[in-house]
Amino acid sequence: MSETATADAATDGFPVPKGVFAEKVLSVQHYTDRLFRFRMTRPQSFRFRSGEFVMIGLPNAERPVFRAYSIASPAWDEELEFYSIKVPDGPLTEHLQKVQPGDTVLMRKKPVGTLVHDALLGGERLYMFSTGTGIAPFASVIRDPETYERFAQVILIHTCREAGELTYGHDLVAATRADPLVGEEASAQLVHYATTTRETTDRMGRITTLIESGKLFADLGVPPLDPATDRAMICGSMDMLKDVKAICEGAGLVEGSNSQPGQFVVERAFVD
Ligand code: A2P
């Protein structure tokens, strides 16, 4: 469908706005009453870098609501995946959480973002710090072969309130380790460190606390954050970003951007 889509049954009679792809939902999986993912067709002409986000909407109005969503699939994948929170009365997610295979989802054509290799200097170890749906861009990055070429060790950190909210990450890491393209590298180089804060599990605590106490590094058997060797990508709520960014800066890491690569990069997990 992509660029040729027009106002029809697939868009409930609404026109597809200019500069927008209209794609078909392929599958939907609900993880908890707050979290779900969906996969959809990828327009042939759509190119993006692993870790970027796009604006997503639904064909349910003349001027549909769009929200930023990290692409949770790697740049080589034929389909696109998104991982979403369900916000009660959220202008987009209240409808998006109801999509079914065959439904149409709108996507603006231009991907953007800073959680990309271009914004990071090379190093030995890549930390990906995430909370909640902030894991989505890292679902893309950990399936990109470049990640394993650039970093000897790739550490995915995910903190959620409850154990059920970690399922997406556990499934993702298992699928990545079994993947024909990056499975061998991921099995050897990827470490998954998942914690909860409100439900008792084997591993608990906010990532900020675990860094400050040194427990994270002791558990991983690595030295503390070091700008000479370590790089970081951060994605979560505004408060989490602020706090983890301060920790990275305190350790001497310098923030990077697409125009000036650095030692860590930050992106907000957008929908709230
Ligand atoms: P907590 O349960 O202690 O608030 P949310 O669902 O609110 O986005 O939170 C997702 C996870 O992020 C929760 O485990 C939450 O811990 C944690 N979190 C929230 N704020 C911060 C922060 N400033 N630094 C680190 N972790 C945080």
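Residues numbered from 1 in each chain as written. Predicted model: local features only at pLDDT ≥ 70, side-chain atom pairs only at ≥ 80, totals over all residues. Heavy atoms only, no water.

## A look at the side chain of D230
Step number 1: Mapped onto the elements, D230 comes out in strand β10 (residues 230–236).
Step number 2: Leave out the neighbours within four places in its chain, and D230 touches R125, Y127, P224, L225, L253 and Q263. (Helix = DSSP H or I, 4+ residues; strand = E, 2+ residues; numbered from the N terminus. Contact = heavy atoms within 4.5 Å.)

## Here's the deal with the sheet that holds strand β7 (residues 125–131)
Step number 1: Spatial ordering of the open sheet is given by β9-β8-β7-β10-β11, a layout of five strands whose pairing is parallel. Taken across any chain shown, the strands that pair with only one partner, and hence form the sheet edges, are β9 (190–196) and β11 (264–268). Taking the axes of each pair of neighbouring strands and ignoring which way they run, one obtains an average angle of 10 degrees across the sheet.
Step number 2: Bridge analysis of β7 against β10 gives six bridges, and the strand direction is parallel. Bridge assignment links L126 to a residue of β10, and that residue is R231.
Step number 3: Packing against the sheet, helix α4 (residues 167–177) makes contact with β8 (153–160) and β9, and its axis sits at approximately 170 degrees to β9.
Step number 4: Each of β7, β10 and β11 touches helix α8 (residues 238–250); the most contacted strand, β10, lies at about 165 degrees to it. (Pairing = 2+ DSSP bridges. Axes fitted to C-alpha atoms, helices over the stretch in contact; angles between N-to-C directions.)

## Details of the site of the ligand
Step number 1: As a matter of local geometry, the ligand sits amid R34, T131, T159, C160, R161, T197, R198, R206, T208, D239, M240 and D243.
Step number 2: Taking D239, its main chain carries an N or O atom lying 3.3 Å from a nitrogen atom of the ligand.
Step number 3: Between D243 and the ligand, the recorded distance is 2.8 Å, taken from a side-chain N or O atom to a nitrogen atom.
Step number 4: Relative to its unbound accessible area of 550 Å², the ligand is 82% covered by the protein chains.
Step number 5: The set of elements that each furnish at least two residues to the shell around the ligand consists of β8 and α8.
Step number 6: Looking at the shell around the ligand, its residues break down into two nonpolar, four polar and six charged. (Near = heavy atom within 4 Å. Polar contact = N/O pair within 3.5 Å; in protein donor to acceptor, adjacent residues only side chain to side chain. Areas by Shrake-Rupley, 256 points an atom, 1.4 Å probe, with all protein chains shown as cover. Nonpolar A, V, L, I, M, F, W, Y, C, P; charged D, E, K, R; others polar.)

## Concerning the nonpolar core
Step number 1: Ranked by size, the top nonpolar core spans 32 residues in total, and within it M128, I142, L156, L190 and M233 carry the most contacts.
Step number 2: Those elements that place two or more of their residues in this core are β5 (79–85), β7, α2 (136–141), β8, α4 and β10.
Step number 3: When residues in this core are grouped by element, the largest group, four residues, is from α2.
Step number 4: Counting residues domain by domain, this core receives three or more from each of domain 1 (14–108) and domain 2 (117–266).
Step number 5: Leaving out residues up to four positions away in the same chain, L190 has contacts with I142, Y148, V154, L156, V173, T176, R177 and E185.
Step number 6: Of all hydrophobic cores here, the second largest spans 23 residues; its members include I155, Y193, L216 and L253. (Core = buried A, V, L, I, M, F, W, Y, C linked by side-chain atoms within 4.5 Å. Buried < 20%, exposed > 50% of the residue type's maximum accessible area, 1.4 Å probe, protein only. Domains from an automatic or database assignment.)

## Structural notes on the pairing of β8
The two faces of the sheet receive side chains in turn, since in a regular strand these alternate between them.
Step number 1: Burial within β8 is extensive, with seven of its eight residues counted as buried.
Step number 2: As paired elements, β7 and β8 share seven bridges and run parallel to each other. For Y127, the partnering residue across the bridge sits in β8 and is I155.
Step number 3: Sheet topology note: the β8/β9 ladder contains seven bridges and is parallel. Its bridge partner lying in β9, V154 is registered against L190.

## Focus: the side chain of D144
Step number 1: The topology assignment puts D144 in the loop between α2 and α3 (145–150).
Step number 2: Of note is the side chain of D144, whose polar atom sits 2.9 Å from the backbone nitrogen of E146.
Step number 3: Sequence-distant contacts of D144, that is, excluding residues within four places in its chain, are made with S50, W76 and V182.

## Details of the domain arrangement of the chain
A common way to report how large an interface is uses the accessible area buried once the components associate.
Step number 1: The domains assigned to the chain are domain 1 (14–108) and domain 2 (117–266).
Step number 2: A buried area of about 1,600 Å², summed over both sides, lies between domain 1 and domain 2, and 56% of it is on carbon and sulfur atoms.
Step number 3: Counting across the interface, domain 1 meets domain 2 through two salt bridges.
Step number 4: Of the charged contacts, one joins R49 and D118 as a salt bridge, the two residues approaching to 2.6 Å between their closest N and O atoms.
Step number 5: Scanning the region where domain 1 abuts domain 2 turns up nine residue pairs in polar contact (both at pLDDT 80 or more).
Step number 6: The set of elements that each furnish at least two residues to the side of domain 1 that touches domain 2 consists of β2 (35–41) and β5.
Step number 7: By residue number, the principal contributor to the side of domain 1 that touches domain 2 is β5, which donates four residues.
Step number 8: Tallied by class, residues from the side of domain 1 that touches domain 2 come to 10 nonpolar, seven polar and four charged. (Buried area = accessible area lost by both parts, 1.4 Å probe. Salt bridge = Lys/Arg side-chain N within 4 Å of Asp/Glu carboxyl O.)

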